[in-house]
Amino acid sequence: MAAAAGDDPDVLRLENLDTDLAPPDVAVLATVKALAGGTGNSWLPLTGLPVLREAVAADLHRRTGRTYDPDGQVVITSGGTAAVMPVLLSVAEPGDRVVLTDPTYAGLLQRVWLAGARPSLVPLRVEKGHWRLDREALGQSPKAAALLLMSPSMPSGVVLDHDDWQTVAQVCDRTGAYLVYDAAMERVVFDGHPRIHPCRVDDLAERTIVIGSVSKEYRMIGWRIGWIAGPADIMRRIRMAVIYNTTVASGFAQHGAAAALTDPSGAGVPEAVREYQLRHDVMLDQLAGLPVVRAAGGWSCLLDAEALGMRAALLSQRLLRRGRVAATPMTAWGGAVATRHVRLVFSNEPVSRLSDLRLRVEAALA
């Protein structure tokens, strides 16, 4: 879809999970300083710079209340998505089931296949205008090696609540599965929804592997810096898988990431979340009366193409050709729930550009 939209300035770019909000100044300055001084221009240490692993451990302590050993329980990766594969290779054998939601991020779903495992999809349901996890279906999940979940989740924007995480804990206890928790958007939450970290629920922390990054919360997509943290026993395997998969993440960028995580002013995260919510709300106002589901957080929401009488791929084509709107059909983002939807990303277009979305969509539907 990005290729089809090209560089036409009139196209409303709702297809790509980029953002036009600037990264933190402290991260830019730290990265430039590292480049100028040659700091971080090394293969070593292969598990990530100590300054960043310590920053990650401290940030996780604030979020979870748990102490993580920066040396034994944290490893730095080349972005959050790149962390998924070494985790899956460490926890799942070929043919094992991995539970995900339907819909889910395609980058998670496809890596399950690449790891030789089998996706087992649990549907999200729309209740009172919001996505909700089907806890009954999740509770009936067959034996699995892992549950691979996001909150807020792409592309739906669902935020899992305490009861959701309790059900996850019960499934992990019953099946022996790990929870692989993608926390990339953890603080991008709207409407006062409570942020419940799974490591604070029951005994789930002992089975939880956390994947994080600076891409979404800190608007540092191009830095490609992420991390994995979890119980020491499984982290021994994960560290080896990370090293032999990518060797090491960019040293220069690691200094920028550490500066963002340790910035006492918050590195602009609260301000960015307020702007994303404003854009989301403007988009929902523009689409009032259409089958679009409100996101509880994240960078995107979903429009039900089949409720409008067409396939998602066709709606996507018509949006681009008639309305000059680039929007991605969710044909590779899950099962029956995902494939009926088109994703609308609001992280990369200002409110002024979203103000004529209604007219554009009406042109596509005419």
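As a reminder, the structure under discussion sits directly above these lines.
Description of the structure in this document. None of the values given here were measured: they were computed from a predicted structure. (Residues numbered from 1 in each chain as written. Predicted model: local features only at pLDDT ≥ 70, side-chain atom pairs only at ≥ 80, totals over all residues. Heavy atoms only, no water.)

**Describing the packing of aromatic side chains**
Phase 1: Under the definition given, this model contains 4 aromatic pairs.
Phase 2: Arranged with centres 5.3 Å apart and planes meeting at 55°, the rings of Tyr276 and Trp299 form a pair that is tilted. One end of the pair, Tyr276, is in helix H10 (residues 269-286); the other, Trp299, is in the loop between strand E10 (292-293) and strand E11 (300-304), with 23 residues separating them in the sequence. For the pair shown, Tyr276 and Trp299 are each scored as buried.
Phase 3: Residue placement shows Arg207 over the ring face of Tyr178; its charged tip is 4.2 Å from the ring centre. (Phe/Tyr/Trp six-rings, centres within 6.5 Å; stacked < 30°, edge-to-face > 60°. Helix = DSSP H or I, 4+ residues; strand = E, 2+ residues; numbered from the N terminus. Buried < 20%, exposed > 50% of the residue type's maximum accessible area, 1.4 Å probe, protein only. Lys NZ or Arg CZ within 6 Å of the ring centre and 35° of its normal.)

**Topic: the sheet that holds strand E14 (residues 341-345)**
Phase 1: Reading across from one edge, E10-E11-E14-E13 is the order of the 4 strands in this open sheet, with antiparallel pairing throughout. What marks the edges here is a single partner per strand, and that holds for E10 and strand E13 (328-329).
Phase 2: Sheet topology places E10 next to E11; 2 bridges connect them, and they run antiparallel. By the bridge assignment, Val293 is partnered in E11 with Leu302.
Phase 3: Strands E11, E13 and E14 of the sheet are contacted by helix H11 (residues 312-323), whose axis makes an angle of about 40° with E14. (Pairing = 2+ DSSP bridges. Contact = heavy atoms within 4.5 Å. Axes fitted to C-alpha atoms, helices over the stretch in contact; angles between N-to-C directions.)

**Comments concerning helix H4 (residues 84-91)**
Phase 1: In terms of burial, H4 is a largely internal element, 7 of the 8 residues being buried.
Phase 2: Inspection of H4 places Val84, Met85, Pro86, Val87, Leu88, Ser90 and Val91 among the buried residues, and these make up the whole buried set.

**Some details on the sheet that holds strand E7 (residues 178-182)**
Phase 1: Spatial strand order, E2-E9-E8-E7-E6-E3-E4-E5: 8 strands in an open sheet with mixed pairing. Looking along the sheet, the strands with just one partner apiece sit at the ends: strand E2 (74-77) and strand E5 (130-133). Between one strand axis and the next, the sheet turns through 25° on average, direction left out of account.
Phase 2: Strands E2, E7, strand E8 (208-213) and strand E9 (226-229) of the sheet are contacted by helix H8 (residues 232-246), whose axis makes an angle of about 25° with E2.

**Description of the packing of helix H2 (residues 25-37) against helix H9 (residues 251-262)**
Phase 1: It is the contact of H2 with H9, at a shortest axis distance of 7 Å, that shows an interaxial angle of 150°. With respect to each other, H2 and H9 are oriented roughly antiparallel. Like other packed secondary-structure pairs, H2 and H9 cross with a definite hand, here right-handed. Contacts from Val26, Ala27, Ala30, Thr31, Ala34 and Leu35 in H2 reach Phe252, His255, Gly256, Ala259 and Ala260 in H9. (Parallel < 35°, antiparallel > 145°, perpendicular 65-115°, else oblique. Left-handed = near helix turned anticlockwise from the far one by under 90°.)

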